[in-house]
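# Observations on the model geometry
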Amino acid sequence: MVLSVSEVRALVDEYPRTPVLATIGSHSALDVADGAVTESFPSLVIAEEGRDATYARYFRTIRSPGGLRRRGCVDEIWTLPKFADLATPANQERLRRHGALLVPNRALSSYVPLATIEDELRVPIVGARAMLRIEERSERANYYTLLEEAGIRIPRRISSPDAIDSLAIVKLPHAKRRLERGFFTAASPREYRRKSDQLIAQGTIAKDDLATARIEEYVIGPVFNFNFFFSPLHPRPEGLELLGVDERRESSLDGLVRLPAAQQLELPEASRIPDYTVVGHGTLTVRESILEEVFRIGEQFVDAARARYPPGILGPFCLQTCLDRDGRPTVFDVAARIGGGTNVHLGLGHPYGNALWRGPMSTGRRIALEVRHAIDTGRLKEILT
Ligand code: AMP
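### Quick look at the domain arrangement of the protein
- Assigned domains of the protein: these are domain 1 (5-134 + 377-383), domain 2 (143-153 + 221-357) and domain 3 (161-217).
- Using C-alpha coordinates to define each centre, domain 2 is positioned 23 Å away from domain 3.
- Across the contact, twelve residues belong to domain 2 and 16 residues belong to domain 3.
- Here domain 2 and domain 3 share one salt bridge between them.
- Two residues, Arg194 and Glu269, come together in a salt bridge whose shortest N-O distance is 3.8 Å.
- Of all the secondary-structure elements, those providing two or more residues to the side of domain 2 that touches domain 3 are α7 (143-150), α13 (269-272) and β12 (276-284).
- The biggest single contributor to the side of domain 2 that touches domain 3 is β12, with three residues.
- Residue composition of the side of domain 2 that touches domain 3, by class: eight nonpolar, one polar and three charged.

Next comes the structure, spelled out in structure tokens:
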């Protein structure tokens, strides 16, 4: 049975006065921990054995003898055998006793089963628990459905491989590294068959996944990931903020585009089809006249999310877009939680967030500020699910 919002919100009645901002140790955990301590909350990172050194060693908080934070931003680290162990009854109890408010990221929804998060995880989430599932392209109701309801432009869907009539992108998971992508492009049914056969033979994609893959128009234009924040604590006209914009570095795609065409053609066949593995991020701003439209789609998304998944989006979300030659965004992916590229602004703040908040405002800090504001005004429960 899906946990009710009121049941989760009631959990904080037993919490200590200062909650701890907790997150899973991967993805954007440093931004969240940095933001938490900047706003004077203790930070907790829940890591997995064998991949915890970033937090446990390199960014761990070191205090002066007087207790002042001298270095680092990860106050506490719990290293578990597996990320999913955070949902065992004992660990849930431990998190609650600790006063943990969990900031969801993609690592949470990738490594802890969504059904566990929805039905069993009795730890308050700062954000929209019920919307984590929309990221699963295999779900019948997913982010595409919501974007359509919101009236936001999405890439045209192509019904089958035989209907491919222009450059298309085929979206399916990687055959072995299931959290990674096995995407490829094709401009005709023939190219689809040739490339899919080759990728199956290489072990990059699995035949079974092709049957459920989404095929859509490949939007020509640079990628802009818009990092928004929605606060239900402000009057609705002030609720939506644009904090910043990031772009990704994807391997091997970004390496291939740095090669001149002549060298690309010299590559062995197997290296010519790019992989879309995200390996880093960069920062961007957008031509200022495009901002009106960016805010418009942000507002449409917030309204549609409130209607379909009440109480709707809470806190950060990211609309991943390609901008066409008219500067129009087409949204090809959505994160209904902190985006994966927000570390580019860690500590420095996002350009637009800084302009708005008159000081360095990263996404992590904005989350902590929201929790602080909610506590100060007695409205903490309104931002939890
Ligand atoms: P995603 O997994 O949806 O974040 O997409 C991974 C990458 O695929 C993006 O960063 C884009 O470079 C590319 N991509 C996804 N969908 C499209 C599309 N419809 N048109 C063009 N590029 C796309």
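### Brief notes about helix α14 (residues 291-308)
- Its 18 residues place the ends of α14 26 Å apart at the C-alpha level, agreeing with the 26 Å of an ideal helix rising 1.5 Å per residue.
- Leu291, Val294, Ile297, Gly298, Phe301, Val302, Ala304 and Ala305 are the residues of α14 that are buried.

### Focus on the pattern of salt bridges
- In total, this model carries 32 salt bridges according to the counting rule given.
- Residues Arg96 and Glu93 are paired through a salt bridge, measuring 3.2 Å at the closest nitrogen-oxygen approach. Placement of both Arg96 and Glu93 in helix α4 (residues 89-98) is noted, with a separation of three residues, approximately one turn of the helix.
- One salt bridge in this structure joins Glu241 and Arg366, with 2.8 Å as the shortest N-O distance.

### Overview of the sheet that holds strand β5 (residues 76-80)
- Read from one edge of the open sheet, four strands run β5-β2-β1-β6, paired in parallel fashion. Every other strand in the sheet has two partners, leaving β5 and β6 (100-103) as the edge strands with one partner each. The sheet shows a mean angle of 25 degrees between the axes of neighbouring strands, direction not considered.
- Pairing of strand β1 (residues 20-24) with strand β2 (residues 43-48), which is carried by four bridges, proceeds in the parallel orientation. Counterpart to Thr23 in the pairing with β2 is Val45.
- The sheet contacts of helix α2 (residues 29-38) involve β1, β2 and β6, and relative to β1 the element is tilted by about 175 degrees.
- α4 rests against β1, β2, β5 and β6 of the sheet, and its axis sits at about 175 degrees to β5.

### Topic: the site of the ligand
- Every one of the 18 residues lining the ligand counts as a neighbour, but Arg181, Glu216, Val219, Arg248 and Glu250 are closest to it.
- A distance of 3.1 Å is found between a nitrogen atom of the ligand and a backbone nitrogen or oxygen belonging to Glu217.
- In the model, an oxygen atom of the ligand is placed 2.8 Å from a nitrogen or oxygen of the Glu250 side chain.
- The fraction of the free accessible surface of the ligand (480 Å²) that becomes covered by protein chains is 98%.
- Its residues assigned to classes, the shell around the ligand comprises nine nonpolar, one polar and eight charged.

Here is what the cut-offs are and how they apply
- Residues numbered from 1 in each chain as written.
- Predicted model: local features only at pLDDT ≥ 70, side-chain atom pairs only at ≥ 80, totals over all residues.
- Heavy atoms only, no water.
- Domains from an automatic or database assignment.
- Contact = heavy atoms within 4.5 Å.
- Salt bridge = Lys/Arg side-chain N within 4 Å of Asp/Glu carboxyl O.
- Helix = DSSP H or I, 4+ residues; strand = E, 2+ residues; numbered from the N terminus.
- Nonpolar A, V, L, I, M, F, W, Y, C, P; charged D, E, K, R; others polar.
- Expected span 1.5 Å × (residues − 1).
- Buried < 20%, exposed > 50% of the residue type's maximum accessible area, 1.4 Å probe, protein only.
- Pairing = 2+ DSSP bridges.
- Axes fitted to C-alpha atoms, helices over the stretch in contact; angles between N-to-C directions.
- Near = heavy atom within 4 Å.
- Polar contact = N/O pair within 3.5 Å; in protein donor to acceptor, adjacent residues only side chain to side chain.
- Areas by Shrake-Rupley, 256 points an atom, 1.4 Å probe, with all protein chains shown as cover.

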